[in-house]
Amino acid sequence: MSFNKSLTNLPKITKLVIIGIVLAGFGTWQLFFLKTALNIDIPMKVSNIFSNSILPDGFCKDCNVILISLDTLRAKSLPCYGYEKDTAPNLCNFAKESFLFTNTYSPSPKTLDSHFSIFTSLYPLSHKMTVPFSSNLSTMILTITQVLNSNGYDTLYAGPPTDPNLPLKRGLGRDFDTIIGAGDPDAWIKSINSSIAQNKKFFAFLHTYWVHEPYIPIRENITKYYSGNVDNYISWDQLCEKTYKKLLILHPERFISSMGYNKKQINYCEKIKSYGNAYAYSMSNDEHEQFYTTQIDSYWNVFDSIVLNKKKVYMQALYETRIYELDLEMKKFFNFLENKNLLSNTIVIITSDHGEEFYEHGNRSHGFNLYNEVTKVPLIIYVPKSKGQMIDKLASSIDITPSILHLLNIKVPLQFLGINLFSKNDNDYIISQNYNIQKQSIISKDWKLLINIDNKDNKKTRELYSQKSDPGEQNNLEEINNTIADQLEQRLNTILSKQPVYEPEKIDTLPTWIDEKQRKKLIETGYF
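Residues numbered from 1 in each chain as written. Predicted model: local features only at pLDDT ≥ 70, side-chain atom pairs only at ≥ 80, totals over all residues. Heavy atoms only, no water.

**Overview of the pairing of strand E13 (residues 439-443)**
Working note: regular strand, side chains alternate between the two faces of the sheet. Rule in force here: For every residue, the accessible area (1.4 Å probe, protein chains only) is compared with the maximum for its type, and the residue is labelled buried under 20%, exposed over 50%, or partly exposed between those bounds. Here a strand is any run of E in DSSP of at least two residues, a helix any run of H or I of at least four, and the numbering for each starts at the N terminus. Strands qualify as paired when DSSP identifies two bridges or more between them.
Where burial is concerned, most of E13 is hidden: five out of the five residues are buried. In E13, alternate side chains face the same way, and those of Lys-439, Ser-441 and Ile-443 on one face and Gln-440 and Ile-442 on the other are all buried. Pairing between strand E12 (residues 430-434) and E13: five bridges, direction antiparallel. In the strand pairing of E13, Gln-433 is matched with Gln-440. With antiparallel pairing between neighbouring strands as the criterion, E13 and strand E14 (residues 447-453) make up a hairpin whose turn holds three residues.

**Looking at the environment of His-354**
Where we set the bar: Under this definition, polar contacts are N or O atom pairs within 3.5 Å; protein pairs additionally need one hydrogen-donor-capable and one acceptor-capable atom, and for neighbouring residues in sequence, both atoms have to be side-chain atoms.
As for its placement among the helices and strands, His-354 is situated in the loop between strand E7 (346-351) and strand E8 (357-358). The class for His-354 is buried, based on a relative accessible area of 0%. Considered as a pair, His-354 and Pro-107 are 247 residues apart in the sequence and their alpha carbons are 8.5 Å apart. Here His-366 takes part through its side chain, which lies 3.4 Å from a polar atom of the side chain of His-354.

**Some points on the packing of helix H10 (residues 236-250) against helix H12 (residues 268-279)**
Inclusion rule: Every angle, taken between N-to-C directions, lies between 0 and 180 degrees, and every axis is a line fitted to C-alpha atoms, over only the stretch in contact when it is a helix. Convention used here: angles under 35 degrees read as roughly parallel, angles over 145 as roughly antiparallel, angles from 65 to 115 as roughly perpendicular, and any remaining angle as oblique. Left-handed describes a crossing whose near helix is turned anticlockwise from the far helix through less than a right angle; right-handed describes the clockwise counterpart. Residues are treated as being in contact if the distance between any of their heavy atoms lies within 4.5 Å.
Running from amino to carboxyl end, H10 crosses H12 at an angle of 55°, the nearest separation of the two axes being 8 Å. Viewed along their axes, H10 and H12 adopt a mutual orientation that is oblique. H10 and H12 meet at a crossing whose hand is left-handed. When H10 is examined against H12, the residues Trp-236, Asp-237, Cys-240, Glu-241, Thr-243, Tyr-244, Lys-245 and Leu-247 are found in contact with a partner set consisting of Tyr-268, Cys-269, Lys-271, Ile-272 and Tyr-275.

**Some details on H12**
Convention followed: Here the expected span of a helix is defined as 1.5 Å times the quantity of residues minus one. Directions from the helix axis toward the C-beta atoms define the arc.
Under the 1.5 Å per step criterion, the end-to-end length of H12 is 16 Å for twelve residues, consistent within 8% with the ideal 16 Å. Within the span of H12, buried status applies to Tyr-268, Lys-271, Ile-272, Tyr-275, Gly-276 and Tyr-279. Each buried residue of H12 sits inside an arc of 130° when the element is viewed along its axis, so together they form one side.

**Some words on the state of the cysteines**
Under the convention used in this document: In what follows, a disulfide is any cysteine sulfur pair within 2.5 Å.
The tally for this structure, following the rule as stated, stands at three disulfides. A sulfur-sulfur distance of 1.9 Å marks the disulfide that ties Cys-60 to Cys-63. Sign of the S-S torsion, about -75° for the bond between Cys-60 and Cys-63, identifies this disulfide as left-handed. Both residues of the pair, Cys-60 and Cys-63, belong to the buried class.

**Some thoughts on the environment of Leu-168**
Structurally, Leu-168 is set in the loop between strand E4 (154-159) and strand E5 (178-181). Between the C-alpha atom of Leu-168 and that of Tyr-157, which follows or precedes it by eleven residues, the distance is 9.4 Å. If near-sequence neighbours (up to four positions away) are discounted, Leu-168 is found in contact with Tyr-157, Pro-160, Pro-161, Gly-173 and Ile-179.

**A short note on the sheet that holds E12**
Sheet strands associate in pairs through backbone hydrogen bonding, adopting either a parallel or an antiparallel arrangement. Read across the sheet, four strands follow the order E12-E13-E14-E15 without closing on themselves; strand pairing throughout is antiparallel. If you trace the sheet from one side to the other, it starts and ends with E12 and strand E15 (460-466), each paired once. Along the sheet, successive strands turn relative to each other by an average axial angle of 15°, direction set aside. Inspection of the sheet shows E13 paired to E14 by five bridges, in the antiparallel sense.

**Description of the environment of Leu-408**
Examined against the element boundaries, Leu-408 turns out to sit in helix H16 (residues 400-408). Once the C-alpha coordinates of Leu-408 and Cys-60 are considered, the two residues, 348 residues apart in sequence, prove to be 5.3 Å apart. Leu-408 has contacts with Gly-58, Cys-60, Lys-61, Asp-62, Cys-63, Val-65, Leu-148, Tyr-153 and Ile-347, leaving out every residue within four places of it along the chain.

**Concerning the side chain of His-115**
Within the secondary structure, His-115 is located in helix H6 (residues 111-120). In this structure His-115 touches Ser-69, Asp-71, Leu-166, Leu-172, Phe-205, His-207 and Asp-353, once residues within four positions along its chain are discounted.

**Some details on the nonpolar core**
Applicable threshold: Buried Ala, Val, Leu, Ile, Met, Phe, Trp, Tyr and Cys residues form a nonpolar core when they are joined through side-chain atoms within 4.5 Å.
Ile-68, Tyr-299, Phe-333 and Ile-350 are the most contacted members of the largest nonpolar core, which has 63 residues in total. Once you skip the residues sitting within four places of it in the chain, Tyr-299 turns out to touch Pro-214, Tyr-215, Ile-216, Ile-234, Leu-239, Met-315 and Leu-318. The next biggest cluster of nonpolar side chains, apart from the first, holds 44 residues, and it includes Ile-118, Leu-122, Met-129 and Leu-148.

**Description of the packing of helix H5 (residues 89-96) against helix H14 (residues 308-339)**
Put simply, the test is: Think of it as three bins: nonpolar holds Ala, Val, Leu, Ile, Met, Phe, Trp, Tyr, Cys and Pro, charged holds Asp, Glu, Lys and Arg, and polar takes everything else, Gly as well.
With their axes 7 Å apart at the nearest point, H5 and H14 run at an angle of 45° to one another. Relative to H14, H5 is oriented oblique. For the pair H5 and H14, the contacting residues are Pro-89, Asn-90, Leu-91 and Phe-94 in the first and Asp-327, Leu-328, Lys-331 and Phe-334 in the second. In the contact of H5 with H14, the residues fall into five nonpolar, one polar and two charged.

**Considering unusual backbone geometry**
Here the bond from Glu-213 into Pro-214 is cis, since omega is 0°, no more than 30 degrees from zero. Residue placement: Pro-214 occurs in the loop between strand E6 (202-208) and H10. A positive phi is found at Asn-199, a non-glycine position, where the angle reads about 60°. Position of Asn-199 relative to the elements: it lies in the loop between helix H9 (185-195) and E6.

**As for the sheet that holds E7**
The sheet built from eight strands is open, its strands ordered E5-E4-E6-E1-E7-E10-E2-E11 with mixed pairing. Looking at the sheet topology across the chains shown, the edges are occupied by E5 and strand E11 (389-396). Each adjacent strand pair in this sheet contributes to an overall mean axis angle of 15°, direction not counted. Sheet topology places strand E2 (residues 99-105) next to E11; six bridges connect them, and they run parallel. Its bridge partner lying in E11, Leu-100 is registered against Met-390.

Here you go:
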């Protein structure tokens, strides 16, 4: 009999005695793993009493702030969130010195919606920045950057400079003093070194698409997370070459006359990168789709010969290998913070805008469904001079900005609707939405209700899952627990009805390539 199974079979009173001993002598990290081994629920209120996890306002007054978005990183693939594979040892070691929130949900499965929710502490239905190119963020809405900048912070953006899903010119870039195109931790280090003045408090937003599809790790690393043969593989150079040659046929003038063309020596990936930057806002809708799908289709075609069950395992292994490789880069960044003595006076927040699907519910990627693999995200907050704790209160990405401001003792604008995660306040419910296609969910500590409305016939379907016994959401209990589903739907409608709505500023002169048909498609999909 295994050790874990032996613990599970202990009488409940014995389990409680063991927990009491652990609480007295250890911390919540040990408690988390003991809870798993004993298979017993410990209310967070009990955990909070012993873990001393709540911080007062102004605990880190005048501290620097670094907000990191590891795009597409899902919580369930990290060992510090219970995953059995050691995909991110450095990130999770850093989490041990931080506040790790174990029940954090993104308000949307899409990059655009989620990042605006992080920056504004509003759900998508309130900020309405859910369709690329269509509008600018309302001037009635403040962002965290604006608040910090007005309180004397230098502000730095280090991420993709021309991404329609991180639209700097549409409101996300407000009050950033410095904007640098950067896509990985090494570039973040260079950005901070080159733009942040010594002895001046700063706010830096850092973003990477490292684990976003296409998942192309170093081939030799794949066997760390995959036991089969690595036969179906494509390198970045090969993918860029395929994409380049297809685009060259479609738009030869853009490569030859505008960007140069040398048949003898071509850096295909640089050509693709330059193409994207040069034509990001001038391509037609169809050309945008061509640009994205040409690369993605060339990638996914490599795996067409793999049967589905094997493909699920293999694609997830590629994704996890990319997490591992990003984690190695994050170690360099953590070392940089330590060597620069920034950890003594800098709040560091690490999160993601959404997760990723690997056919758990029939789909891959993200941007459509609201299942946990897509909406449950990591949230790690390092606060200087505090003790690392694991906190399982319900949290939303909209809680990040208010929590930061409370730690800094900066007045939180009334517009920000999230709670301070370091206070005694709790979220009874969390909302996630795919706003443009009428998918909604409401989450409590015990239940999650999903509501889907078909845009064609307006037909509504519901799914109800137990958060405790079925976190993978495989057993729909809506039919046998329809009373609970009704109560949750009523609560959802009540919460949504109380949300403010800020109409975005419509763009006076839209790109000439967007006609009504294209606009409708953009609204329905959110992505090109």
